Amino acid sequence: MKRTLFVLATMIVVALAGCTRNSTSNDEHAHDENLQLTAYSNDFEVYAEATPFVVGQNSEILAHFSFLKNFKPLTEGSVTASLIVGTEGVRQTLARPDRPGIYKFTLQPGTKGNGKIVFDIKTAESTSQVVVPGVSVFDNEHDAQHTAAEKAVNSSSGAAFTKEQSWKVDFSTEEVSVTPIGQVIRTTGQIQPSQGDERTVVSKIGGIVLFSAHDLVEGKAVRAGQGLFSIDASGMADNNLSVRYAEVQNEYNRAKAEYDRKSELAKDNIVSQSDLMTAKTELANAEANFNHLRRNFSSGRQSISSPISGFVTSVLVSNGQYAEAGQPLLVVSQNKDLYIKAEVQTKYYDLLGSITTANFRTLNNNITYSLEELNGSVLSFGKTTDLTNPLIPITFQVKNQAGLLPGSFVDLYISARPNKESLTVPHEAIVEEMGNYFVYVQLTPEFFEKRLVKKGMTDGLRTEILEGVSDRERVVGKGAILVKLAQSAGAVDAHSGHVH
């Protein structure tokens, strides 16, 4: 029985191996025969797999077009592929992609030599051109395939990540570049509302707080002038508002009657102009007091409304609670202008006057924003310290264009004036593994080599690389962790999982 099972298992393995060999032999784009062509314009990345170019023979070109702004596929528009050698050339125009981002061309070169492929892309919004230089056309298939095999990309630490995969996720690549970098101060800051962005509503009289609605809670949106609650002072033994209102009204009625009487007598010169002016002044004062109470108080109550449009950040009283005159009742904020306050060690004091920018990484969603993105500026930094807190405060003012939450904390990277230039990569390009740091260097747009690097300082957006990469190499930025997962899954073939 065991022998039978062994023979059966052996037959299955052999059959699967045979299927694999047959599949490979029938693949119209055999991996060891394909040319892998990559080029960039200001708008597009083009990655093409092509059978080697031989005079008089059809060459199939499977071209992938991605927008550089977001590394998503070109889904509509016409593309013309031109193979040019010297002054001779062949071309083909496709009105639409075969699949999103993928155009399949067939070109038959007529001239041997070194040339280029030009892709002219026309969409409803714009036109663009991408040039692939260094394309060779041979006069025999043997030389063409031999050259393609020599140029084949391979790496023992490589990871395959096809365009179809990268188009479905948040993914990007970026060139390693030499950028100015200065001293970076890393600390933690707290987001706070700015002084002009927040208003505190206070009680003008002592009385009982009566809410106008039951949903007056923190976070509620309010309009300028919207009634929020009232202060009822009608039952107070002292400073009874109803009594005060009656006194002011009576004073107004008396002053008005006195002024009207003297106005009639002044016509016959029975009352002097001085007495008439005194009566007029008393009337104006009484009218001002009366209108103020009538406008803000009704039936012994003070009406409380929102001074600005925004949302409630704090409710400082409860429904039915007694409030003193001048007591804070509620805080309303517009949440438009914010402060980011932090504290740094005194050893950085000499650098604070040369701050050029700062980057803020939120802790809730791990997104990094620059000071420029938020239209921010350095508001101030401390000039003194004391024994109880030997740190220097620094305050930034920013526009809340990113849904920042007042009261929350951020990682803060404060950059002083650059004093050197270094190789840098996007901060998110670096993957940590057991205390070591790696980046994924692009060999082709579908095949990436895991590279050990030594990193230097970081400003939260870009990180200095001291060893491991060279200028102008491309590395995976967004999606580096996904490439790592693909590598861990064992997909090391540059074409694994690729659907033609």
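Predicted model, so just to flag it, every value in this text is computed and none were measured.

Parameters and conventions
- Residues numbered from 1 in each chain as written.
- Predicted model: local features only at pLDDT ≥ 70, side-chain atom pairs only at ≥ 80, totals over all residues.
- Heavy atoms only, no water.
- Helix = DSSP H or I, 4+ residues; strand = E, 2+ residues; numbered from the N terminus.
- Contact = heavy atoms within 4.5 Å.
- Areas by Shrake-Rupley, 256 points an atom, 1.4 Å probe, with all protein chains shown as cover.
- Phe/Tyr/Trp six-rings, centres within 6.5 Å; stacked < 30°, edge-to-face > 60°.
- Buried < 20%, exposed > 50% of the residue type's maximum accessible area, 1.4 Å probe, protein only.
- Lys NZ or Arg CZ within 6 Å of the ring centre and 35° of its normal.
- Arc of directions from axis to C-beta.
- Polar contact = N/O pair within 3.5 Å; in protein donor to acceptor, adjacent residues only side chain to side chain.
- Salt bridge = Lys/Arg side-chain N within 4 Å of Asp/Glu carboxyl O.
- Pairing = 2+ DSSP bridges.
- Axes fitted to C-alpha atoms, helices over the stretch in contact; angles between N-to-C directions.

Undergrad: Sorry if this is basic, but what is going on with the overall build of the protein here?
TA: When helices and strands are counted, the protein shows seven helices and 34 strands. Considering only intrachain contacts with a sequence separation of at least 6, the fraction spanning at least 24 residues in the protein is 72%. Put simply, the protein shows about 26,700 Å² of open surface, and 50% of that area lies on carbon and sulfur atoms.

Undergrad: Would you mind going over the packing of aromatic side chains with me for this structure?
TA: Pairs of aromatic rings are described using the distance from one ring centre to the other and the angle between the two planes. According to the stated counting rule, one finds 10 aromatic pairs in the structure shown. With a centroid separation of 5.5 Å and 85 degrees between ring planes, the pair formed by Phe65 and Phe119 is classed as edge-to-face. Here the residue Phe65 occupies a position in strand E4 (residues 59-67), and Phe119 occupies one in strand E8 (residues 113-122), the gap between them amounting to 54 residues. Overall, the relative accessible area of 0% leaves Phe65 in the buried class. Among the aromatic side chains, those forming a connected cluster through ring pairs are Phe65, Tyr103, Phe105 and Phe119. It is Arg474 that lies over the ring of Tyr40; its NZ or CZ is 4.1 Å from the centre.

Undergrad: I would appreciate a short explanation of helix H2 (residues 141-150) in the present structure.
TA: At 3.6 residues per turn, the α-helix brings residues three or four places apart onto the same side. Along H2, the residues that are buried comprise Ala144, Thr147 and Ala148. For H2, the arc enclosing every buried residue in end-on projection is 100 degrees, short of the 170-degree limit, so these residues lie on one face. Exposed side chains of H2 directed beyond 90 degrees from the buried face belong to His142 and Glu150. Next to the buried residues of H2 lie strand E1 (35-40), strand E3 (53-54) and strand E9 (127-138). With a side-chain oxygen positioned 3.2 Å from the backbone nitrogen of His142, the residue opening H2 is Asn140.

Undergrad: I'm lost on the pattern of salt bridges in this one. Help?
TA: Proximity of charged atoms lets side chains of opposite charge pair with each other. Here the structure, examined in full by the defined rule, presents 19 salt bridges. Residues Glu164 and Arg99 are paired through a salt bridge, measuring 3.9 Å at the closest nitrogen-oxygen approach. A residue pair is termed long-range when its members are at least 10 positions apart, and Glu164 in helix H3 (residues 163-166) and Arg99 in the loop between strand E6 (88-94) and strand E7 (102-107) qualify at 65 residues. Judged by relative accessible area, Glu164 falls into the buried class, the value being 18%.

Undergrad: Is there a simple way to think about the side chain of Gln442 in this case?
TA: Relative to the elements of secondary structure, Gln442 occurs in strand E31 (residues 436-444). Here Gln442 falls in the buried class, since its relative accessible area comes to 14%.

Undergrad: Looking at this structure, I do not really get the sheet that holds strand E2 (residues 44-50). What am I missing?
TA: Adjacent strands of a sheet pair through backbone hydrogen bonds, lying either parallel or antiparallel. Here we have four strands laid out as an open sheet, ordered E1-E2-E4-E7, and antiparallel in their pairing. In the strand order of this sheet, the two ends are held by E1 and E7, each with one partner. Direction aside, neighbouring strands of the sheet carry axes that sit 20 degrees apart on average. Examined bridge by bridge, E1 and E2 share six bridges and lie antiparallel to one another. Bridge pairing in E2 links Thr38 to Tyr47.

Undergrad: Would you mind going over the sheet that holds strand E25 (residues 368-370) with me for this structure?
TA: With antiparallel pairing, seven strands are arranged side by side in an open sheet as E25-E24-E28-E13-E23-E27-E26. With one partner strand each, in any of the chains shown, E25 and strand E26 (377-381) form the two edges of the open sheet. Here the strands of the sheet are splayed against their neighbours by 30 degrees on average, with no regard to which way each runs. Pairing between strand E24 (residues 355-362) and E25: three bridges, direction antiparallel. Of the residues in E25, the one forming a bridge with Arg361 is Thr368.

Undergrad: What exactly am I supposed to notice about unusual backbone geometry here?
TA: Peptide bonds are trans in most cases, and residues, glycine excluded, mostly fall at negative phi. Of note in the backbone geometry, Phe71 takes a positive phi value of approximately 55 degrees without being a glycine. With respect to the helices, strands and loops of the structure, Phe71 is situated in the loop between E4 and strand E5 (78-85). The phi dihedral of Asn375 is positive, around 50 degrees, even though this residue is not glycine. Relative to the elements of secondary structure, Asn375 occurs in the loop between E25 and E26.

These figures come from the coordinates and say nothing about function on their own.
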